[in-house]
Amino acid sequence: MAGTETGSVVPAAAGPVYGFALSCRLQGAAPDAVGHLLKALEEELETRGLVMGGGVDAQRLDVFILPRKGVAPSRDDRLALADWLARQPACFEVAVGDWVEAY
């Protein structure tokens, strides 16, 4: 999976790339609160050299987190991001997956 944009994920030829799932329930959250949450999450990921893919709707946030090209993520990033998400007012029932080989 090679990308041409700055910040693309690491190509598969560089070895395995690991990531993890992150989700929460957003039931009852106002649309602008969800937009603010996504922007804040993107900023938090940026500080850690991570990117996300996935989706959000009025009920749930379901994303998969991967490192940016050339970044070696900390094994602690997974739990730190789950803690961060749990502190957000729009989020309920936060779940985080284990580090898994993405590709």
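What counts, and where the lines are drawn
Residues numbered from 1 in each chain as written. Predicted model: local features only at pLDDT ≥ 70, side-chain atom pairs only at ≥ 80, totals over all residues. Heavy atoms only, no water. Pairing = 2+ DSSP bridges. Helix = DSSP H or I, 4+ residues; strand = E, 2+ residues; numbered from the N terminus. Core = buried A, V, L, I, M, F, W, Y, C linked by side-chain atoms within 4.5 Å. Buried < 20%, exposed > 50% of the residue type's maximum accessible area, 1.4 Å probe, protein only. Contact = heavy atoms within 4.5 Å. pLDDT = per-residue confidence, 0-100. Polar contact = N/O pair within 3.5 Å; in protein donor to acceptor, adjacent residues only side chain to side chain.

1. Section: the pairing of strand β3 (residues 60–67)
Sheet analysis places strand β1 (residues 18–25) next to β3, joined by 6 bridges and oriented antiparallel. When the sheet's bridge partners are listed, Phe-20 is paired in β3 with Ile-65. Sheet topology note: the strand β2 (residues 50–56)/β3 ladder contains 7 bridges and is antiparallel. Looking at β3, one finds that Gly-54 is bridged to Val-63. Connecting the antiparallel pair β2 and β3 is a turn made up of 3 residues.

2. A closer look at the pairing of β1
The pairing of β1 with strand β5 (residues 100–101) spans 2 bridges and is antiparallel. Its bridge partner lying in β5, Gly-19 is registered against Val-100. Where β1 lies against strand β4 (residues 92–96), 3 bridges are found, and the strand directions are antiparallel. Looking across to β4, one finds that Ser-23 is bridged to Ala-95.

3. Some remarks on the nonpolar core
Residues Leu-22, Leu-26, Leu-61, Ile-65 and Leu-85 are the most contacted members of the largest nonpolar core, which totals 20 residues. Secondary-structure elements contributing two or more residues to this core are β1, α1 (31–48), β3 and α2 (77–86). Beyond its immediate sequence surroundings of up to four residues, Leu-85 is in contact with Leu-22, Ser-23, Cys-24, Leu-37, Leu-61, Cys-91 and Val-94.

4. Some details on the confidence of the model for the chain
Of all residues in the chain, 86% have pLDDT values of 70 or greater, and the mean over the chain is 87. Low pLDDT (under 50) marks residues 1–5, which in the prediction has 7 contacts with non-local residues, meaning those over four places away or in another chain.

5. Overview of the side chain of Gln-88
Residue position: Gln-88 is located in the loop between α2 and β4. Exposure remark for Gln-88: the relative accessible area of 17% places this residue in the buried category. Among the polar contacts made by the side chain of Gln-88, one reaches the main-chain carbonyl oxygen of Trp-84 at a distance of 2.8 Å.

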